[in-house]
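Structural description and commentary
Each chain, letter by letter, is given below.
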Amino acid sequence: MILHLIGLLGLAYLVWSLVSMELNYRRASTMGIPLVRLPVDGQNVLWASIEGHLWPLLDRLSIDWGTFGIYSRRGWSFKDNGDSHRRYGPIWALVTPVGIYVQVADPGAINEVFQRRTDFIRPVEMYKVLEVYGPCISTATWAEWPRHRKVLATPFNEKIMSFVWDESVEQTRQLLEAWADDQILSVAKDTRNLSLNVLAATGFRKSYRFHSANHPHDKETNESSGYRDALQTVLDNCILLMVAPRRFLTLSFAPPSWKNLAKAADKFKQYMVDMLDEETKALKHGKTGSGSIMTSFVRAMDQAEAVSGENATSGSMSKGLTVDEILGNIFAINFAGHDTTANTLSFAIYLLAAHPEVQDWVSEELQSVAVAPGNYKDIFPRLSRCKAVLLETLRLFPPIPSLPKWTSDQPQLLKVGERTITILPDIGIYPSLLAMQVDPQYWEDSFVWQPSRWIQTSSNMSTVGNEQLVTPLPNTYFPWSDGPQNCPGAKFSQVEFVAVMGMLLKNHRIHPIAAPGETQEQLRNKIWDAVRDVDMVLLLRMKDSHRVQLRCDRV
Ligand code: HEM
């Protein structure tokens, strides 16, 4: 009886899905662009939670699943690498039972989508899970967003960049103490630790010692590092924190790891509130504050309110950000700035290990300069080759490959090449980042990782240490997104990445460790297999980097 009922419900769901998909298909046909049916929606929570386990089994059946086999996998755009646009043209749409998702790979049209922020709106419901501590820039409605952005962009100034540089240099110096002339036990863990320490130092103005996975026991003997450790626990488990109501984590039968997470989440909030109180008091007494991101946020609160509200824990409104919004945005910055930079560093280190000639090429630029704390202004602009490694890594491995936008309740005209297309109201529209970044029209040998493509060769003024970077054609390269809602942390990540590369490659080289009888060619292929085998839980990352062992040697 129960089985019958489940069967009937399943059948009803299937019929509903097919009918809804056909209705959406009919609606989408009015746009006059190629359409692809997909009977399950990417936002379907049940499908999203099982597809990763299901596909390895379905793939064994050697059935051609057609377009379902391509587009129903999370992060399909990475494997697709622009194939769909080569098949369907610069604009096409996926049609599911729930929605219509237009994919665009035309520079002019992408520019329109990014610039017309109120016509092509960021779908904030998709980001609601980020509101772990309060409303933030990613979940602000289009009307509220400018207020968040103004406050949030203020601290990302040159003074903070200089601090990011110093901290990244110091963290990499410590990382090299752990790595030099040794096997690297976990590139992924160590780049995450480094990136977290740089963020914690910038947010809290407190420098923490670097902990390498190479020396796991160092940790116990270290200084009290409450803020950083609480933040690490929160970020390591943020999916659980985002989806599970907080009271579930503290239920008496909840596993100890959940209870620890709830404790860390509360502790992190308390640190933020204490920091806010300290900065508010400093402001009241006419002092400058710590100079951290929090200082800038507190200054941006309505001044009178900030001074009167010494115990700044209420959720009162201000002309700047409310207290809850400050806490929400501090979390958002940490979330947005942590794994994006760490994963990019990780990809780059593996790619460098596969390409020793690129390491030598970068190191040429470093021979006549000293990368050291205090010299950000002089040295950072000169390290074009270090930056080229970042730009090229992000071209092939952008951590955020999907930049969803949504049309408003009005149809929108969009020019794609010579055609003007009427995009329907209330549907998704996605600038195809990966397709653009590997399009052979704009990128020669587009699938080859070649940092030197970023260095201008035409200028005869160009000498090592003084080289200019190539500026790609507009909207053919946008790993930090584009338009008014682009990434405010772009420069932060560039400064951190360049400092790490500068320290790493001046006197050290990364090598893959060969198994007996393994040739250099086989090793290089093994690394490429590892970097191409990615998943997309929240961001693009290598599924199993440990299948290739690396070591770091002094030269
Ligand atoms: C390689 C490193 C990074 C990459 C590739 C990257 C990429 C991006 C992209 C593509 C977006 C737009 C997301 C969307 O529209 O859905 C974004 C937004 C954002 N990023 Fe980054 N990011 C990086 C590092 C950072 C860092 C280091 C920080 C801060 C310290 C940061 C803070 C933010 C914030 C706060 C937003 C939201 C901006 C808004 O909504 O207006 N990012 N980032």
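All values reported here derive from a predicted model rather than from experimental measurement.

Things to note about the pairing of strand 2 (residues 91-95)
Among the five residues of strand 2, five are classified as buried, and the element is accordingly described as predominantly covered. A two-sided burial pattern is seen for strand 2, the buried positions comprising Ile91, Ala93 and Val95 on one face and Trp92 and Leu94 on the other. Sheet topology places strand 1 (residues 35-37) next to strand 2; three bridges connect them, and they run parallel. Directly across from Val36, in strand 2, lies its bridge partner Leu94.

Observations concerning the sheet that holds strand 5 (residues 182-184)
Strand order in this open sheet of three strands is 5-13-10, and the pairing throughout is antiparallel. Bordering the open sheet on either side are strand 5 and strand 10 (508-512), each of which pairs with just one other strand. On average, each strand axis in the sheet is tilted by 35 degrees relative to the strand beside it, whichever way the strands run. Pairing of strand 10 with strand 13 (residues 550-554), which is carried by five bridges, proceeds in the antiparallel orientation. Each residue of the ladder has a partner; that of Pro512, found in strand 13, is Leu550.

A short note on a nonpolar patch on the surface
Among the surface-exposed residues, Leu8, Leu11, Leu14, Val15, Leu18, Val19 and Leu23 lie close enough to one another that they form a single nonpolar patch of about 660 Å² accessible area. Looking at Leu8, the relative accessible area reads 56%, which means it is exposed.

A short note on the UniProt feature "binding site: heme" (unreviewed entry) in the protein
Per the UniProt record, "binding site: heme" (unreviewed entry) is found at Cys487. Along the chain, Cys487 turns up in the loop between helix 20 (433-437) and helix 21 (490-507). Once residues within four sequence positions are removed from consideration, Cys487 is found in contact with Arg149 and Trp480.

Thresholds applied
Residues numbered from 1 in each chain as written. Predicted model: local features only at pLDDT ≥ 70, side-chain atom pairs only at ≥ 80, totals over all residues. Heavy atoms only, no water. Buried < 20%, exposed > 50% of the residue type's maximum accessible area, 1.4 Å probe, protein only. Helix = DSSP H or I, 4+ residues; strand = E, 2+ residues; numbered from the N terminus. Pairing = 2+ DSSP bridges. Axes fitted to C-alpha atoms, helices over the stretch in contact; angles between N-to-C directions. Patch = residues over 30% accessible without salt bridge, like charges linked within 9 Å, V, L, I, M, F, W, Y side chains within 5 Å. Areas by Shrake-Rupley, 256 points an atom, 1.4 Å probe, with all protein chains shown as cover. Salt bridge = Lys/Arg side-chain N within 4 Å of Asp/Glu carboxyl O. UniProt positions renumbered as here; feature names shortened; annotations may be inferred. Contact = heavy atoms within 4.5 Å.

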